[in-house]
Structure formats: C-alpha cells, structure tokens
Amino acid sequence: MLAALTLALVACSATGDGGTPAPSSPSASPSAPAPTSAVPTPSAASPPPAAAPTTSPASTPPAEPEVVAAGLDVPWGLAFLPDGSALVTLRDRAEVLRVRRGAEPVSVGTVPGVAAENEAGLLGIAVSPAVATDGYVFVYLSAADENRVLRMRLDGDTLVPDVVVLSGIPRESYHNGGRLAFGPDGYLYVATGDAAVPDRAQDPDSLGGKILRVTVDGAPAPGNPDAGSPVWSSGHRNVQGLAWDDDGRMFATEFGHNTWDELNLIEAGGNYGWPVVEGVAGEDGFADPLAQWSPADASPSGLAVTADAAYLAALRGESLWRVPLADDGTAGEPQRLLAGEYGRLRTVAVAPDGALWLVTSNTFRGAPREGDDRVVAIDEGWL
C-alpha cells in the first residue's frame, strides 16, 4: 500500500473551489486514520570536516520571483508554447491571453459557448505536443448545459475555434473539474468533477468524477481500460491538477468534501473511492492517496512535478505545497511554502526553462491585493 501522509485532523465544511460551501451531498466517508511520515530521521552524527577547496566553484544564485503578468480577471488555466510564452484562460471573460516575460499580455481571442457561473466557465487549456505543425490548442469550457472540450487552432496571436472533440460532461455551478494536460504518451487527459452528484463518480456510464484519456479527435485513446470508453480512472470528486514525472507516473490533485484533500498516484483503471471513501481508508478496491490535507490547509488546485517533488497550488491554504517523491512511489513529508505570500494559488506549471509559474486566484473568493491577479515565475531553487 502506498504511504500516505496526514497534514491535519480537523474536519472542515464541504467546499467546491476552496471557499464558499458547495451544495451538500451525502458521504459515507469514515474518519481516516492518521498515517505517520515515511521520511527517515537524519542521523545526529556529524561527518568529519571536508578539506577546504583551493578554489570556489562558480554558481548562479536563483533569480528573484518575477511578476510576468498582473491585473488579470479570474485567471484559471495555463499552458506553455514552444517559445516559452504561455496561454492563460480567464474563466469569467471566456478569454485567452498570451503571456510573455517582459511584455504585456496579448489577447488571442474569446472562446464561444462559455456560460460562466460561480466555478463554471472557461477552465483548463492544453497545447498539442505537435502545435508547431498542427496548431492545436484545447480548452475545457462550461456551456449552458454541459462541460465540453473544444479544439482550437493558434495562428500567430489568434485562436480560431475548430471543433468540439468531447461533450456530455456533467456541468453544475460547482465541481466541474476542468484541468487538461497532454501526457508523455501524446494523448489528452481530461479531469472532470461529479457536478455535485457524488454517485456519478462510480457510474461507468457517466463522464463525471473521472479522468478521461482521448485522442486529439476526442476518441477513446488506445490502451484505455475499456476500449470503447474514454475513462482512464474513476471515483473522483473534483480533480483539479494533472502532471507526470520523468518516469511517466501520473499524479492528480483532488478537492475533498468534509475531511481530506488528496494527492493521488493515478493508474489505469484505478478507483479512487469517492463517494464511498475519502482520504486514506485502506479498503480493498480503492486506491489510497499519497498525501492528504485538511481542506482548510490546502484545497489543492494546479499541480506541477519536477525531478524529485510535486508542487500543489493551494486555494484555501494560500500556499504552495512541496511533496518529495521517491522512486518507489511513496511520498515524503510535505513542506508548506509561500504561506500567505501571494494569497490563493490556482495553478502551478513547469516552464520550458525549469521555472515554476504560479497563477493566483484572489479576484475570486479572495482578498485582492494591488496587481491581482498575477502570474509569477519562481526558480525552484529560490523556494
């Protein structure tokens, strides 16, 4: 069983987007046991002093954090282009911006069919691995009566709608999921929520409460657990972050209900328990999370994975959580970084140059500060 870590024992009220309570729903979740850390305690013995080097090796100190963009209205998703610029979605305005270091953001267009309401609107965005030749950019949007994935084409600084590749995803004002990401296998992964109906997460015929895996045309990808279905994993309440490590292992963040938020290691065909269990339960048939938090400490949204750690952007927790990842699939003791520094954090992503880009979310359920909302670039070594 994967080692799981508990950050708090205080149960919190049901939330959707890390703030205002979402519609209540029945939960059969038992209180999860408090696992202990699997991190070894360093030895107290001191090594012998090393000989002083004759010369000091040259080193470049990490750069200070840089505000890449400011004054944004409810930014949500972020995806990088090959030149190092990024596309950022504005949830309520149904607009996509192109953001570059050292330049003002440029609008590349609006997305048709968006019906923004509370947590619903223009959410995730993903850039095709072959964008240089096919021009494909994918967005996850809330329409009036469903969530859908729309394929668009990027022509310079203009996004042109192409075709809806996936539709029929349950939609509500809460629990819409919305994160999109291409995996190392070249297929598109789509994170959905239960849309405030928990039983959808266990219903194989519903696209709600799942992680989906599809081709660029929206067909179920080859190698899915059920050849005729886009479902990759199930039993999710509201997945918000998707990322992979260098070995191809997939990770996801998930909003909890009353008790536990989760960082999960995702496997094909895995069932992650909702609404039967929440957090670590140790029950056959359900995968336990690698780490869990009280919603007040986390409400984890975006996720980035570097060479040896996962970084979770926390909304209610107003922090960036760093979780060390071991080669054997276990997780070390989480570290709370940037507590309160930037307020609510919606998204974190690894830029082509290795920096972490953070997207704040203070213009929605937060306390906006001067310049909010912002995109901030931070060297991992600075943290």
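The rules behind the values
Residues take numbers from 1 onward in each chain, read along the sequence in its written order. Under the rules for a predicted model, residues below a pLDDT of 70 receive no local features and side-chain atom pairs below 80 are neither given nor counted, while totals for whole chains, interfaces and linings still include all residues. Side-chain calculation: all heavy atoms of the structure are included, whereas hydrogens and water are not. Each helix is a run of H or I in the DSSP string that is no shorter than four residues. Each strand is a run of E no shorter than two, and both are numbered from the N terminus. Throughout, a residue-residue contact means that at least one pair of heavy atoms, one from each residue, lies within 4.5 Å. Note on areas: Shrake-Rupley with a 1.4 Å probe; residue coverage comes only from the protein chains shown. Throughout this description, buried means an accessible area under 20% of the type-specific maximum (1.4 Å probe, protein chains only), exposed means over 50%, and partly exposed covers the range between. Salt bridges are identified by distance alone: a Lys or Arg side-chain nitrogen within 4 Å of an Asp or Glu carboxyl oxygen. Exposure above 30% relative accessible area and no salt bridge define the residues that can form patches, which grow by joining like charges within 9 Å and nonpolar side chains of Val, Leu, Ile, Met, Phe, Trp and Tyr within 5 Å. Note on charges: Lys and Arg go in the positive column, Asp and Glu in the negative column, and His and the chain ends are not counted at all. Where a charge sits is defined by one atom per residue type, namely NZ (Lys), CZ (Arg), CG (Asp) or CD (Glu).

Chemist: Break down the overall build of the protein chain for me, with residues and values.
Modeler: Scanning the protein chain from N- to C-terminus turns up one helix and 24 strands. Put simply, of all contacts in the protein chain between residues at least 6 apart along the chain, 56% involve residues at least 24 apart. Of the roughly 15100 Å² of accessible surface on the protein chain, a fraction of 51% belongs to carbon and sulfur atoms.

Chemist: Quick rundown of unusual backbone geometry? Include the residues and the values.
Modeler: Omega for the bond connecting Trp274 with Pro275 falls within 30 degrees of zero, at 0°, which places this linkage in the cis form. The topology assignment puts Pro275 in the loop between strand E16 (261-266) and strand E17 (291-293). Of note, the bond from Asp372 into Asp373 is cis; its omega dihedral lies within 30 degrees of zero at -10°. Along the chain, Asp373 falls in the loop between strand E23 (356-360) and strand E24 (375-378). With phi around 50°, Val74 is a residue other than glycine that occupies positive phi space. Here Val74 lies in the loop between strand E1 (66-69) and strand E2 (75-80). Residue Val74 is classed as buried on the basis of its relative accessible area of 3%. Despite not being glycine, Asn118 has its phi angle at roughly 55°, a positive value.

Chemist: Please provide a residue-by-residue account of the pattern of salt bridges, values included.
Modeler: Taken as a whole and judged by the stated rule, the model has 19 salt bridges. For Asp17, the salt bridge is made with Arg346, and the minimal N-O distance between the two is 2.6 Å. Of this pair, Asp17 sits in the segment before E1 while Arg346 sits in strand E22 (residues 345-350), and the two are 329 residues apart along the sequence. For Arg346, a relative accessible area of 1% corresponds to the buried category. In this structure, Arg148 and Glu146 form a salt bridge, with 2.9 Å as the shortest nitrogen-oxygen distance. Classification of Glu146 as buried rests on a relative accessible area of 15%. Overlapping salt bridges, with partners in common, bring together Asp83, Arg98, Arg100 and Asp157 in one network.

Chemist: Residue-level account of the environment of Val348, with values.
Modeler: Relative to the helices and strands, Val348 is located in strand E22. The exposure class of Val348 is buried, given its relative accessible area of 2%. Sequence spacing of Val348 and Val375 is 27 residues, and the spatial spacing of their C-alpha atoms is 9.5 Å.

Chemist: Let's hear about a negative patch on the surface: which residues, and what values?
Modeler: Taken together, the side chains of Asp246, Asp247, Asp327 and Asp328 make up a negatively charged region of the molecular surface. Relative to the helices and strands, Asp247 resides in the loop between strand E14 (239-244) and strand E15 (250-254). A relative accessible area of 62% places Asp247 in the exposed class.

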